[in-house]
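The primary structure of each chain is shown beneath.
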Amino acid sequence: MKYDCIIIGAGPAGVGAAIYLQRANRKICIIEKNVPGGKLNTISTIENYLGFESINGPDLALNLYKQMNKLNIELKNEEALSIEALPDKKIVKTNKGKYESDFVILATGRKIKKLHLKDEETLEGRGISYCAVCDGPLYKNKEVVVIGGGTSAVQEAIHLADFCKKVTIINKNNLFKVEHTILEKAEAKENINILYNAKIKEYKKEKDQLTHVVVTIDNKEKNIKVDGCFVFIGSEEQTKLLANLVTDEKGYILCDDRMQTSVDKIYACGDNIKKDVYQIVTAAAEGAVAALDILKRR
Ligand SMILES: Cc1cc2nc3c(=O)[nH]c(=O)nc-3n(C[C@H](O)[C@H](O)[C@H](O)COP(=O)(O)OP(=O)(O)OC[C@H]3O[C@@H](n4cnc5c(N)ncnc54)[C@H](O)[C@@H]3O)c2cc1C
């Protein structure tokens with residue numbers, strides 16, 4: 001049996017695409033290696049998704065799953081391992097089988113790089129965050145640190161400085177990898193303090209809430225009292241499914257404004273593509289754009 005479209009990943013992007021295709025009566029399936037909802041399952045509180053004043057991530061993930069079930073969207077709990085792009089079809093190989101399809105949508109998200117320090121996982125959502133746009137407002141008038149030495153770290157620090165009392169950027173190098181104008185903006189903010197050659201060594205907690213970060217600067221330890229710690233040290237490549245897919249140097253997939261990648265009939269959407277805004281609303285919207293373009297082509 002051949003599918004019209006196979007979607008890889010059941011996060012907001014993949015489910016967003018699936019809803020449009022299924023409602024247009026296409027033969028589709030979603031391949032998901034974990035649980036439906038993707039990153040939503042890791043978010044404590046979401047306050048910027050329309051229609052929900054405040055909802056916790058796993059509840060929104062469950063809503064997505066219920067919606068998929070109601071529409072009878074086929075879900076395969078398998079891991080996609082590779083895609084073969086032939087002129088007349090795509091073949092998706094998983095850890096359990098091999099499936100043919102006319103179109104494939106890659107909605108595989110991204111893996112955020114972590115510091116792998118003790119207590120990191122316990123403190124995620126309890127002081128540690130990887131998204132200033134998402135969690136920043138929870139730290140209004142509070143003191144936070146930002147870990148990283150690249151463009152995202154500096155941009156997110158500038159964003160946080162608009163409502164946090166104090167933002168300290170901890171850069172393990174003596175320079176930032178960022179455009180000079182962006183760094184100048186950060187340096188001009190009175191409530192941004194920058195620590196160079198500073199390496200984070202330890203998180204300290206009280207009652208499972210982050211209270212301090214311990215940093216080493218020139219072999220001396222500094223204990224910084226914090227309400228929040230935002231980590232921006234990059235993300236890891238997720239897109240090894242297809243060798244000849246064009247990506248940027250970090251592995252983010254390049255696609256056009258219809259979400260079509262460099263390989264015909266393979267689309268990508270959500271956190272795995274190169275773009276400026278990595279949010280639920282953009283992921284879901286890109287899924288819809290990909291699906292509607294596929295519908296136009298058949
Ligand atoms: C801590 C945190 C807090 C956040 N808070 C917010 C917020 O408040 N508001 C907001 O708008 N955004 C928030 N975000 C961002 C938001 O979660 C993402 O932008 C969104 O989930 C991206 O959706 P996606 O479908 O592209 O990817 P994901 O949600 O990452 O889903 C990708 C799915 O693909 C699956 N997958 C990957 N590879 C394979 C494979 N080979 N085979 C099968 N399945 C595969 C994964 O298991 C996963 O389920 C937050 C992110 C984080 C990390």
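What counts, and at which threshold
Residues numbered from 1 in each chain as written. Predicted model: local features only at pLDDT ≥ 70, side-chain atom pairs only at ≥ 80, totals over all residues. Helix = DSSP H or I, 4+ residues; strand = E, 2+ residues; numbered from the N terminus. Rg over C-alpha atoms; globule rule 2.2 N^0.38 Å. Buried ≥ 20, exposed ≤ 12 C-beta atoms within 10 Å, placed from the backbone. Contact = placed C-beta atoms within 7 Å. Domains from an automatic or database assignment. Near = placed C-beta within 6 Å. Nonpolar A, V, L, I, M, F, W, Y, C, P; charged D, E, K, R; others polar. Pairing = 2+ DSSP bridges. Axes fitted to C-alpha atoms, helices over the stretch in contact; angles between N-to-C directions. Left-handed = near helix turned anticlockwise from the far one by under 90°.

**Quick look at the overall build of the protein chain**
Working step 1: Summing up its helical and strand segments, the protein chain has seven helices and 17 strands in all.
Working step 2: The globule rule puts the C-alpha radius of gyration for 298 residues at 19 Å, and the 21 Å found for the protein chain is close to it.
Working step 3: With the principal axes as the frame, the protein chain shows a C-alpha extent of 65 × 35 × 30 Å.
Working step 4: Burial analysis of the protein chain (298 residues in total) assigns 40% to the buried set.
Working step 5: In the protein chain, of all internal contacts separated by at least 6 residues, the share reaching a separation of at least 24 is 61%.

**Some thoughts on unusual backbone geometry**
Working step 1: Despite not being glycine, Asp 119 shows a phi value in the positive range, around 70°.
Working step 2: In this fold, Asp 119 is placed in the loop between strand E7 (111–112) and helix H3 (120–123).
Working step 3: Its identity as a non-glycine residue notwithstanding, Met 259 has a phi of 75°, on the positive side.
Working step 4: Tracing the backbone shows Met 259 in the loop between strand E16 (235–236) and strand E17 (266–268).

**Concerning the domain arrangement of the protein chain**
Buried accessible area, meaning the area lost when the parts come together, often serves as the stated size of an interface.
Working step 1: Here the protein chain is partitioned into domain 1 (2–111 + 235–296) and domain 2 (114–231).
Working step 2: Placing a centre on the C-alpha atoms of domain 1 and another on those of domain 2 gives a separation of 31 Å.

**Comments concerning the site of the ligand**
Working step 1: Taken together, 37 residues are adjacent to the ligand, and Gly 9, Gly 11, Gly 38, Gly 109 and Gly 270 come closest.
Working step 2: If you list the elements that add at least two residues to the shell around the ligand, you get helix H1 (12–23) and helix H7 (280–296).
Working step 3: Of the residues contributing to the shell around the ligand, the split by class is 19 nonpolar, 13 polar and five charged.
Working step 4: When residues of the shell around the ligand are sorted by domain, at least three fall in each of domain 1 (2–111 + 235–296) and domain 2 (114–231).

**Topic: the sheet that holds strand E8 (residues 128–129)**
Working step 1: Spatial ordering of the open sheet is given by E8-E15-E9-E10-E11, a layout of five strands whose pairing is parallel. Strands at the two margins of the open sheet, each flanked by one partner only, are E8 and strand E11 (192–195).
Working step 2: Relative to strand E15 (residues 228–231), strand E9 (residues 143–147) is paired through four bridges, and the arrangement is parallel. Note that in E15 the partner of Val 145 across the bridge is Cys 229.

**Let's talk about the sheet that holds strand E13 (residues 209–217)**
Working step 1: Strand order across the open sheet formed by three strands is E12-E13-E14, with antiparallel pairing between neighbours. The open sheet has two edge strands with one neighbour each: strand E12 (198–206) and strand E14 (220–225). For this sheet, the mean inter-axis angle between neighbouring strands, taken without regard to orientation, is 25°.
Working step 2: Bridging between E12 and E13 involves eight bridges; their strand directions are antiparallel. When the sheet's bridge partners are listed, Ile 200 is paired in E13 with Val 215.

**Points about the packing of helix H5 (residues 151–161) against helix H6 (residues 180–188)**
Working step 1: It is at 9 Å that the axes of H5 and H6 come closest, and there the two elements cross at 35°. Taken as a pair, H5 and H6 cross one another with a handedness that is left-handed. In contact with Thr 151, Val 154, Gln 155, Ala 157 and Ile 158 of H5, H6 contributes Ile 182, Leu 183, Lys 185 and Ala 186.
Working step 2: For the contact of H5 with H6, the class distribution of residues is six nonpolar, two polar and one charged.

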